[in-house]
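Given next are the chains, with one letter for each unit.
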Amino acid sequence: DVKVTQSSRYLVKRTGEKVFLECVQDMDHENMFWYRQDPGLGLRLIYFSYDVKMKEKGDIPEGYSVSREKKERFSLILESASTNQTSMYLCASSSVAGVSYEQYFGPGTRLTVT
Amino acid sequence: AQKVTQAQTEISVVEKEDVTLDCVYETRDTTYYLFWYKQPPSGELVFLIRRNSFDEQNEISGRYSWNFQKSTSSFNFTITASQVVDSAVYFCALSDKGNNRLAFGKGNQVVVIP
């Protein structure tokens, strides 16, 4: 069974803190993604990575950075958390072996910045 | 321009009624893929179906069915004889341009009332 795990289901941080969200997949997928989900806005892509040490900006990269040192792990970093980054964060992965790029998702991390 | 439009935001039905979710997409590519995902209250997006642009056959899986019509750029999803467990947010998504990214609609919140 495909498996994408995220380090925390719920997280509460203070404004200005550095926040790390971790995502691990066990499917040997090349592509990994970070989204945020907000009511009425659907899923918006923050960053994605198609290989180790490679990254590309998505639609809303401002205020975020990412790290992919190993194929199975993709980290999202909030350098200085702000209240407008309170959201649900979803990680996903997909394989380039197929052509349809169907993505598999983790359970999500609900981040609250106070 | 929005590539995937899900016009209805919240839909409430009484248990055992049918519910249809509309998805209209926009692409200039001849090769593309369409997806439906389900997000139950637990938060994890669950893949339901993938359809490529060359396969216009409708599909039925249990109480779920999908109607793909290229002529109207629509990929609609019907739940027959709805159950409380069908209460979730449903997302339609598009992959085109042969890239790794999915464009998601804003989702339909389905509430099944017992």
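All values reported here derive from a predicted model rather than from experimental measurement.

Cut-offs applied
Residues numbered from 1 in each chain as written. Chains lettered and ligands numbered in written order. Predicted model: local features only at pLDDT ≥ 70, side-chain atom pairs only at ≥ 80, totals over all residues. Heavy atoms only, no water. Helix = DSSP H or I, 4+ residues; strand = E, 2+ residues; numbered from the N terminus. Rg over C-alpha atoms; globule rule 2.2 N^0.38 Å. Buried < 20%, exposed > 50% of the residue type's maximum accessible area, 1.4 Å probe, protein only. Contact = heavy atoms within 4.5 Å. Pairing = 2+ DSSP bridges. Buried area = accessible area lost by both parts, 1.4 Å probe. Salt bridge = Lys/Arg side-chain N within 4 Å of Asp/Glu carboxyl O. Polar contact = N/O pair within 3.5 Å; in protein donor to acceptor, adjacent residues only side chain to side chain. Nonpolar A, V, L, I, M, F, W, Y, C, P; charged D, E, K, R; others polar. Phe/Tyr/Trp six-rings, centres within 6.5 Å; stacked < 30°, edge-to-face > 60°.

Colleague: What is the right way to look at the overall build of chain A in this model?
Modeller: When you go through chain A residue by residue, the secondary structure sums to zero helices and 11 strands. The linear arrangement of helices and strands in chain A, starting from the amino end, is β-β-β-β-β-β-β-β-β-β-β. For 114 residues, the compact-globule formula gives about 13 Å, and the C-alpha radius of gyration of chain A, at 13 Å, lands near that figure. Counting over 114 residues, chain A shows a buried share of 50%. For chain A, the proportion of contacts with a sequence separation of at least 24, taken over those separated by at least 6, is 55%.

Colleague: When you look at the pairing of strand S4 (residues 31–38) of chain A in this model, what are you seeing that I'm missing?
Modeller: Side-chain positions along a regular strand alternate between the two faces of the sheet. All names here are of chain A. A large share of S4 lies buried, amounting to eight of its eight residues. Alternating residues of S4 divide into Asn31, Phe33, Tyr35 and Gln37 and Met32, Trp34, Arg36 and Asp38, and every residue in both groups is buried. For S4 and strand S5 (residues 42–49), the ladder comprises seven bridges, and the chain directions are antiparallel. Counted as the bridge partner of Tyr35 is Leu45 from S5. Following S4, the chain reverses through three residues before pairing antiparallel with S5; Gly40 in that reversal takes a positive phi of roughly 80°.

Colleague: What's the story with the interface of chain A and chain B in this structure? I'm lost.
Modeller: Between chain A and chain B, the residue contacts involve 26 residues of the former and 20 residues of the latter. At the boundary of chain A with chain B, total buried surface from both sides reaches about 1800 Å², with 54% on carbon and sulfur atoms. The interface formed by chain A and chain B holds two salt bridges in total. With its nearest N and O atoms 2.1 Å apart, the salt bridge here joins Arg50 of chain B to Glu102 of chain A. Along the contact surface separating chain A from chain B lie five residue pairs in polar contact (both at pLDDT 80 or more). Of the residues in the side of chain A that touches chain B, the class split is 14 nonpolar, eight polar and four charged.

Colleague: Mind showing me how you'd approach the packing of aromatic side chains here?
Modeller: Within the structure shown, the criterion is met by 20 aromatic pairs over all chains. Between Tyr35 of chain A and Phe104 of chain B, the aromatic rings sit 5.6 Å apart at their centres with planes inclined by 90°, giving edge-to-face as the arrangement. With Tyr35 of chain A in strand S4 and Phe104 of chain B in strand S11 (residues 103–104), the pair connects residues from two separate chains. Taking relative accessible area as the criterion, Tyr35 of chain A reaches 1% and is therefore assigned buried. The exposure class assigned to Phe104 of chain B is buried, which follows from its relative accessible area of 11%. The interplanar angle of 90° and the centroid separation of 5.2 Å between the aromatic rings of Tyr64 of chain B and Phe77 of chain B together place this pair among those described as edge-to-face. Of the two residues, Tyr64 of chain B sits in strand S8 (residues 64–69) while Phe77 of chain B sits in strand S9 (residues 74–79), which places them 13 residues apart along the sequence. On the basis of relative accessible area, Phe77 of chain B is assigned to the buried category, the value being 0%. By way of ring pairs, the aromatic residues Phe33, Tyr35, Phe48 and Phe105 of chain A together with Phe35, Tyr37, Phe47, Phe91 and Phe104 of chain B are connected into one cluster.

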